[in-house]
Every structure is written in C-alpha cells, then in structure tokens.
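As a plain string of letters, each chain reads:
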Amino acid sequence: MAHQWRGVLAEYRDHLPFSDTDALLSLGEGGTPLVPAPALSSAVGADVHIKVEGQNPTGSFKDRGMASAMSKALNDGASTVVCASTGNTSASAAAYAATAGLTCVVLLPQGKIAAGKLAQAVVHGAKLVQVEGNFDDCLEIARKLHAEHPVELVNSVNPHRLQGQKTAAFEVCDALGRAPDIHILPVGNAGNISAYWMGYQEYRDAGVTAQLPAMWGFQAERAAPFVAGRPIPDPETVATAIRIGAPASWNLAVAARDDSGGLIDAVSDEQILDAQKRLAADVGIFVEPASAAGVAGLLQQAGHGRVPEDATITVTVTGNGLKDIDTALSQHDLTPTVIEADIAAAAQAMGL
Ligand code: AN7
C-alpha cells in the first residue's frame, strides 16, 4: 500500500520534543511539494526550486508549527488558546483548536486581514476579536493575556511553534538529497526563518546533511525592521501577512542571517506583486502577496549580480493565493468577453 503521509509530528517524531505518551495532532500538514521552477532558474542562472507551503491543510506554512504548539497545549491540559495574527496564524490556530477540541481566541488588526483568512477563522469556530491597531499591538495584548490569564499563547514566541516549523527544512533536504546552497523566504514576525535555520542545523548536526545554506530573507520595503535595524512603528504593505514592525523572533532571525552568511533585504510592493504574477503565469503556482516576497527578492538579487551561478536555491512560498483574491484580481483587467451561447460567436471570440 502506498505510504500515507501522517503529518509532520509523526513523520519527524525523532527530531521533535514529544514523549511516547503525548497525543500528536495532525490535519495532514507538511509533505508539501518542492517544485522545480525552470522559468525562474533561467531568469537568475541558478537551479531554483519552490517549496509550496500553500498546500498545507489551511493553506499556509503555519500548520506545521500549529500542529506542534496545539499538541503541546492539549497535552498540558489547556482549554483556551490565544494568538495575534495577520491572518494565517489565526486560520491555522482555529483549525487545529477545532480538531483538538480547544477554545480559540484570535486578535486581528481590524480591516487588514485578507477575506479568505477571516473566513477560515470564522468557519473553524474561533472567537474573533478585531483590534484597532496593527499586528504588533495585537501580539502585545496576546502576550499579556497569556501572562495574566489561564490561556495558552500559540504565536511563534511559543517555542513549540518553531519546533513544528523546522520540519520544512527537513523536507527540503529529504527532497533534494542535500541542503540547498541558498534558502529564501519572506520575513514578517521572523519565526519561519528562525525555524528553518534550526532545522538545517539539526540535520547537519545529525549527519543527515553535510552543509548549511545561506538564509536570505525578504521584507516589504515599508515594513522592514531588519533592514532598518530597529522596529518600525507604522508598517504598511500590500502584503498584509507581513505587515509587522516589531518581529518577535528578532535575535533568532539575526543569528540565522549572520551565522549562515545570509542577508535580510527589502522589496517594494510593486516587486512583490510582479513576482506574484510571474509565479502564477510562468511557474504555475498561485501564492498570496507576502509569499511572493522571496521570489521578488531572488529576482532583485539576480539583478544586482548576487546570485551565484548554478547554485541550488530553494524558495519557500508561504501561503496560498486563494486566501487573498481581492489583491490578486486588482492587478488584472476583469472586463469579461461575453458572447451569445453560440459556437460561431465562441470561435470568433477565440480569434479562430
Ligand atoms: C503568508 O499569520 O505573522 O516571519 O500572524 O502569513 O514567520 O512571521 C504571518 C506571517 C510569511 C511571515 N508569509 O512569516 C500571522 C503571521 C505568510 C505569512 C509570513 C507570514 P514569519
């Protein structure tokens, strides 16, 4: 019988801090494809592969860490979990709380969440609290609620989130048969770049791989605290998922960048939307705007001559394009071609 993927916790149990008696939650997260991208490879002169995290159960990479953090909360006897979110964390937390039978409260920056993500939190039964402020305000409230009340915090400041998320680095190595030379991804709250770096180091230390990649992170230009070297008070970007000015995993991300010999740079909203279009039209992968920041960064660095020839490069695209169709469609002319229900009219419309 074909192997059925069991979710990241069961698949990578040997590398995760769970005991034999712990219950492990799964909605089938992980096992996402690593897709070769010939259009990007020829554009930048390297061997580019896309790690398609939009194929996770709730459509983003957050499911890996949420499986882990929610399992831990369940095993510890929690009854309520809380998170701040730009959308994907809340969608994932809501789904995993549903399967765990826990109550979930999500704090969201009012008016700045893509409609698909809001829908996910609603249908999975989370209690939505919209905050008149940005993500950073929401996270501060979530941290305090956790400190002062019996609620578990499932943002990536919870170390179990990074434990689950590091499995993506394992999968990249398992798929390539080696670690890439460069791993690229978008950076918002900075949990993911920290988790990948942890995963790559653990595989190298365990002797599974021989080398480590350089970690390249990309932020949106007006929400780029790592580029500024300090928090940004009023982050703004079309890529609402990474509209974050005070990343929680600051020190871990700086270590990932510096210890790997990598970089964290900024890309404009225009570059992000252009990369989103190229991924969809040239590669065949529809991602949300934030997820295109890594590809935008790759193209930018190639333009500066900084992409080593023939390097093996993996780029994580973090979330599914279907979560935010409003932004995607706003980039296209939607004037439909309308015809009578008639073959001749159809042929004419097709230019035949
Ligand atoms: C699609 O959901 O922070 O640097 O609250 O949704 O690990 O924060 C989302 C972040 C990239 C940035 N791409 O990852 C949230 C949230 C997408 C995202 C990021 C996010 P981190």
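Residues numbered from 1 in each chain as written. Predicted model: local features only at pLDDT ≥ 70, side-chain atom pairs only at ≥ 80, totals over all residues. Heavy atoms only, no water.

The name an unreviewed UniProt entry gives the protein chain is Threonine synthase, with Candidatus Brachybacterium merdavium as the organism. Note on the protein chain: under the UniProt heading Cofactor (unreviewed entry), the record states "pyridoxal 5'-phosphate". (UniProt positions renumbered as here; feature names shortened; annotations may be inferred.)

In spatial order, the strands read 1-2-10-7-8-9; together these 6 strands make up an open sheet with mixed pairing. The strands lining the two open edges of the sheet, one partner per strand, are strand 1 (34-36) and strand 9 (263-267). Strand after strand, the sheet turns through a mean of 25° between neighbouring axes, direction not considered. (Pairing = 2+ DSSP bridges. Helix = DSSP H or I, 4+ residues; strand = E, 2+ residues; numbered from the N terminus. Axes fitted to C-alpha atoms, helices over the stretch in contact; angles between N-to-C directions.)

Next up on the list: the nonpolar core. Membership of the largest hydrophobic core comes to 46 residues, with the highest contact counts inside it found for Met70, Val81, Ile193 and Tyr200. Those elements that provide at least two residues to this core are helix 1 (8-11), helix 3 (62-75), strand 3 (80-84), helix 4 (88-100), strand 4 (103-109), helix 8 (167-176), helix 9 (191-205) and helix 11 (250-259). Here the element with the most residues in this core is helix 4; it accounts for 6 residues. Setting aside anything within four residues of it in sequence, one finds isoleucine 193 in contact with Leu185, Val187, Met215, Gly217, Ala253, Ala256 and Ile264. In terms of nonpolar packing, the next biggest core, distinct from the first, is built from 36 residues, Ala46, Ile184, Ala239 and Val315 among them. (Core = buried A, V, L, I, M, F, W, Y, C linked by side-chain atoms within 4.5 Å. Buried < 20%, exposed > 50% of the residue type's maximum accessible area, 1.4 Å probe, protein only. Contact = heavy atoms within 4.5 Å.)

What follows covers the state of the cysteines. This structure, assessed with the given rule, holds 0 disulfides. Left without a disulfide partner, cysteine 104 is nearest to the cysteine sulfur of cysteine 83, which lies 5.4 Å away. The structure places no disulfide on cysteine 138, whose sulfur is separated from the nearest cysteine sulfur, that of cysteine 83, by 9.6 Å. (Disulfide = S-S within 2.5 Å.)

Taking the UniProt record as the reference, the feature "modified residue: N6-(pyridoxal phosphate)lysine" (unreviewed entry) is found at Lys62. What lysine 62 contacts, discounting residues up to four positions off in sequence, is Asn88, Thr89, Ser92 and Arg161.

As a matter of local geometry, the ligand sits amid 24 residues, with Asn88, Thr89, Asn189, Ala190 and Thr318 nearest to it. Backbone polar atom of glycine 188 to an oxygen atom of the ligand: 2.8 Å apart, as the coordinates give it. Protein contacts shield 99% of the accessible area of the ligand, which totals 470 Å² for the unbound molecule. For the shell around the ligand, the secondary structure elements donating two or more residues are helix 4 and helix 9. (Near = heavy atom within 4 Å. Polar contact = N/O pair within 3.5 Å; in protein donor to acceptor, adjacent residues only side chain to side chain. Areas by Shrake-Rupley, 256 points an atom, 1.4 Å probe, with all protein chains shown as cover.)

For strand 4, a buried count of 6 out of 7 residues is recorded, marking the element as mostly surrounded by other parts of the structure. With 5 bridges joining them, strand 3 and strand 4 adopt parallel strand pairing. Opposite alanine 84, over in strand 4, you have leucine 107 as the bridge partner. With helix 4 bridging strand 3 and the parallel strand 4, this β-α-β connection has right-handed handedness. Note that strand 4 and strand 5 (residues 127-131) share 5 bridges and pair parallel. Paired with leucine 108 across the bridge in strand 5 is glutamine 130. (Right-handed = clockwise from strand over helix to strand, strands pointing away.)

At their nearest, the axes of helix 12 (residues 269-283) and helix 13 (residues 293-303) sit 8 Å apart, and the two run at 100° to each other. As the angle between them shows, helix 12 and helix 13 are arranged roughly perpendicular. Touching Gln271, Ile272, Ala275, Arg278 and Leu279 of helix 12 are Ala293, Val295, Ala296, Leu299 and Gln300, all from helix 13. By residue class, the composition of the contact of helix 12 with helix 13 is 7 nonpolar, 2 polar and 1 charged. (Parallel < 35°, antiparallel > 145°, perpendicular 65-115°, else oblique. Nonpolar A, V, L, I, M, F, W, Y, C, P; charged D, E, K, R; others polar.)

Take the UniProt feature "domain: Tryptophan synthase beta chain-like PALP" (unreviewed entry) in the protein chain next. The residues that UniProt annotates with the feature "domain: Tryptophan synthase beta chain-like PALP" (unreviewed entry) are residues 26-319. Secondary structure across residues 26-319 divides into 44% helix and 17% strand, with the first and last C-alpha atoms of the span separated by 19 Å.

A few words now on the sheet that holds strand 5. Spatial ordering of the open sheet is given by 5-4-3-6, a layout of 4 strands whose pairing is parallel. Of all the strands in the sheet, the pair left with one neighbour each is strand 5 and strand 6 (152-153).

What the rule picks out here adds up to 5 aromatic pairs. With 6.3 Å between their ring centres and 35° between their planes, tyrosine 196 and tyrosine 200 make a pair best called tilted. Taken together, the residues span about one helical turn, with tyrosine 196 and tyrosine 200 both in helix 9 at a distance of 4 residues. An identical accessibility class is assigned to tyrosine 196 and tyrosine 200; each is buried. The interplanar angle of 25° and the centroid separation of 4.4 Å between the aromatic rings of phenylalanine 226 and tryptophan 250 together place this pair among those described as stacked. In this pair, phenylalanine 226 sits in helix 10 (residues 225-228) while tryptophan 250 sits in helix 11, placing the two residues 24 residues apart along the sequence. A residue is classified by how much of its surface remains accessible, and tryptophan 250, at 22% relative accessible area, is partly exposed. (Phe/Tyr/Trp six-rings, centres within 6.5 Å; stacked < 30°, edge-to-face > 60°.)

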